[in-house]
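# Fold and geometry: a report
Each chain, written out:
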Amino acid sequence: MKKSITVAGVTAGPGQKAYGAVAIPDLLADGQILEIPFIVFNGSKDGPWLYMHVAQHASEVHALEGIRRVLANLDPKTLSGAITFCLPNPLGFSFPACWEVMTPQMNRVGLGDPNGILTERIVDAWWVNFVKGKADYVIDFHTGRRGSPVWVFYEGRGVTAGVSAEVVDKAERMARVFGAELLYKEMEPYGGGNTFRGSCVKNGIPAIVPELDGHSIFVESVVQIAARGLKNIMVDLGMIEGKIELPPKQYLLKWVVDERVSAVRNNKGGVFIPLVKMGDIVKKGDKVGIIYSPRTLQEIETLTAHKNGYVFSIAENPVKNAGDSVMEIEEILEVFENR
Ligand SMILES: [Zn+2]
C-alpha cells in the first residue's frame, strides 16, 4: 500500500501534491530566513522518486517553462512514484546579477556543508531535504550556449571511482531518452571541484544535466524539447503513461578535460568569420573559417578543422588575438538513428 511522504515537514498523502519551503535560518546578514520553495507529488502507485531543479546557476532559467508544462497539470493520482521540484537558488532567481558576482561556485561544492560558506549551506539543504534517502533519480537543469542544440551531460563508466556500472548506465539511459539532439559524455574525471550531478552519482543516484539553448528565454522549440524530455524520462521510468518521442537523430559526443583537444585556434590576431555553423559535421582539413585584418581588411588566415567531428560551439566575439579559440569540434562517438 502506498504511503504518505514528507519533505521538510510537508506531507503529501498517496495521490496528493503539496507545496512547501525549506527554511534556512541564521544565514543572511539582515536576518531574513532563506526559503527554498518546492512542490512534492506523491503518486497513488509505487514507483521511483524523481528530483529536479532548475536555475541553480541563477540566470539559467530556460527549462522552467518546459517543466511547468509537465508538472502544472500533473494529477498525482495518475502518477507512479514521487516527484520533488524546487527552485534551488532563490536569491539568485530574483537577483541573478548580484548572485553571480557574489558566489560563482555553487556547482563546485559537491553536496555542500551545513557549516560551510553560504553556497555550501544552500547546497547541503538540497541534498539533505530533497535527495539523500529520498530521490532515486536527479535532473539538474541548466542553460548552455546561445544558439546551440540542447545537450545532456552525463558521465561514462569508470570516470568516478567506486560508482557502479548500474548507476552510470541508468544515468545514460535518462540522458538518451531525454531526446536532445546531443548527448555529451564525460569520459575522464572533471577535476576542479565537484558538481552536484557528479556528487549525486558518486552517492549512487543516477543524475544528468540537460543544458538548454541559452539564445533567448522560452523559445517555443526549446521549451518543447525540455517538456518532451522530462515526459520521456517519466514514461521510461514507468511513472506516467505515454510514448517516448525521440528526434530522428542523436549524436553522442565525447567530453574531455583538455580544451586543446576540441579548440580550433587562430595563429594570427584579427577578426574571425565562421564558414560553418553549430551542428555542422566537419572532416579534418575542411575550411571552417577565416581571419581578416581590421587594418587592411584583407584575409590573413584560413582556418581548417583539426579533426573530424561535430561543430559544438562557435565564438560569439569575432575579435581574436593569436591563439584564441574560435570554435570547438567534438569527436562523435556514436550516431543514434531513431527510426
Ligand atoms: Zn549552469
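Residues numbered from 1 in each chain as written. Predicted model: local features only at pLDDT ≥ 70, side-chain atom pairs only at ≥ 80, totals over all residues.

We now examine the domain arrangement of the protein. Parsing the protein into structural domains produces domain 1 (5-255) and domain 2 (264-331). Look at where the C-alpha atoms of domain 1 and domain 2 centre, and you get two points 34 Å apart. Domain 1 puts eight residues into the contact, and the matching count from domain 2 is eight residues. Residues that form the side of domain 1 that touches domain 2 fall into these classes: three nonpolar, two polar and three charged. (Domains from an automatic or database assignment. Contact = placed C-beta atoms within 7 Å. Nonpolar A, V, L, I, M, F, W, Y, C, P; charged D, E, K, R; others polar.)

Moving on: the packing of helix H1 (residues 64-71) against helix H7 (residues 220-236). In contact at an axis separation of 7 Å, H1 and H7 are set at 45 degrees when each is read in the N-to-C sense. Overall, the two elements H1 and H7 adopt an arrangement that is oblique. Where H1 crosses over H7, the handedness of that crossing is right-handed. Residues Glu65, Gly66, Ile67, Arg69 and Val70 of H1 pack against Val223, Ala226, Ala227, Leu230 and Lys231 of H7. Of the residues contributing to the contact of H1 with H7, the split by class is six nonpolar, one polar and three charged. (Axes fitted to C-alpha atoms, helices over the stretch in contact; angles between N-to-C directions. Helix = DSSP H or I, 4+ residues; strand = E, 2+ residues; numbered from the N terminus. Parallel < 35°, antiparallel > 145°, perpendicular 65-115°, else oblique. Left-handed = near helix turned anticlockwise from the far one by under 90°.)

In this section: H1. Taken together, the buried positions of H1 are Leu64, Gly66, Ile67 and Val70. The buried side chains of H1 occupy one side of the element, clustering within an arc of 160 degrees when seen end-on. Its buried side turned inward, H1 meets strand S5 (45-54), strand S6 (80-86) and H7. (Buried ≥ 20, exposed ≤ 12 C-beta atoms within 10 Å, placed from the backbone. Arc of directions from axis to C-beta.)

Turning our attention to the pairing of strand S13 (residues 270-274). In this sheet, strand S18 (residues 319-320) lies alongside S13 in antiparallel orientation, the contact comprising two bridges. Following the sheet pairing, Gly270 is matched in S18 by Lys320. Relative to strand S15 (residues 287-292), S13 runs antiparallel, the two sharing four bridges. Along S15, the bridge assignment pairs Phe272 with Ile291. (Pairing = 2+ DSSP bridges.)

Overall, mixed pairing links the 10 strands, which are arranged S3-S4-S6-S5-S7-S10-S8-S9-S11-S20 in an open sheet. The open sheet has two edge strands, strand S3 (16-24) and strand S20 (332-337), and neither has a second partner. Each strand of the sheet is rotated relative to its neighbour by a mean of 20 degrees, with strand direction disregarded. In the sheet, S5 pairs with S6 via six bridges, with the strands oriented parallel. Note that in S6 the partner of Leu50 across the bridge is Ile83. Running at roughly 150 degrees to S3, helix H4 (residues 118-131) makes contact with S3, strand S4 (34-42), S5, S6 and strand S7 (137-143) of the sheet.

The strand order across the open sheet built from four strands is S12-S19-S17-S14, with neighbouring strands paired in antiparallel fashion. Each end of this open sheet is capped by a strand with a single partner; those strands are strand S12 (263-265) and strand S14 (281-282). With three bridges joining them, S12 and strand S19 (residues 325-330) adopt antiparallel strand pairing. Looking at the pairing, Val264 lines up with Met327 of S19.

A few words on the environment of Asn115. Inspection of the secondary structure puts Asn115 in the loop between helix H3 (96-102) and H4. Judged by C-beta crowding, with 8 C-beta atoms within 10 Å, Asn115 ranks as exposed.

For S15 and strand S16 (residues 299-304), the ladder comprises five bridges, and the chain directions are antiparallel. Bridging from a neighbouring strand, Lys287 pairs with Thr304 of S16. Once S15 ends, the chain turns through six residues before running back antiparallel as S16, passing Leu297 with a positive phi of about 60 degrees.

Before going further, it helps to examine unusual backbone geometry. Look at Asp26: it is not a glycine, yet its phi comes out positive at around 60 degrees. Structurally, Asp26 can be placed in the loop between S3 and S4. In this structure Asp26 comes out as exposed when scored by C-beta crowding, with 8 C-beta atoms within 10 Å. Backbone geometry places Leu297, a non-glycine residue, at a positive phi of 60 degrees. If you trace the backbone, Leu297 turns up in the loop between S15 and S16. The exposure class of Leu297 is exposed, given the 8 C-beta atoms found within 10 Å.

Glancing now at the nonpolar core. What tends to happen in soluble globular proteins is that the nonpolar side chains get buried as a cluster. With 89 residues, the main nonpolar core has Leu50, Ile67, Ala135, Val138, Val152 and Ile208 as its most contacted residues. With seven residues, the top contributor of residues to this core is H7. Of the domains in this structure, domain 1 (5-255) and domain 2 (264-331) are the two that each give at least three residues to this core. The contacts of Val138, once residues within four sequence positions are left out, are Tyr51, Val131, Cys200, Ile205 and Ala207. (Core = buried A, V, L, I, M, F, W, Y, C linked by C-beta atoms within 7 Å.)

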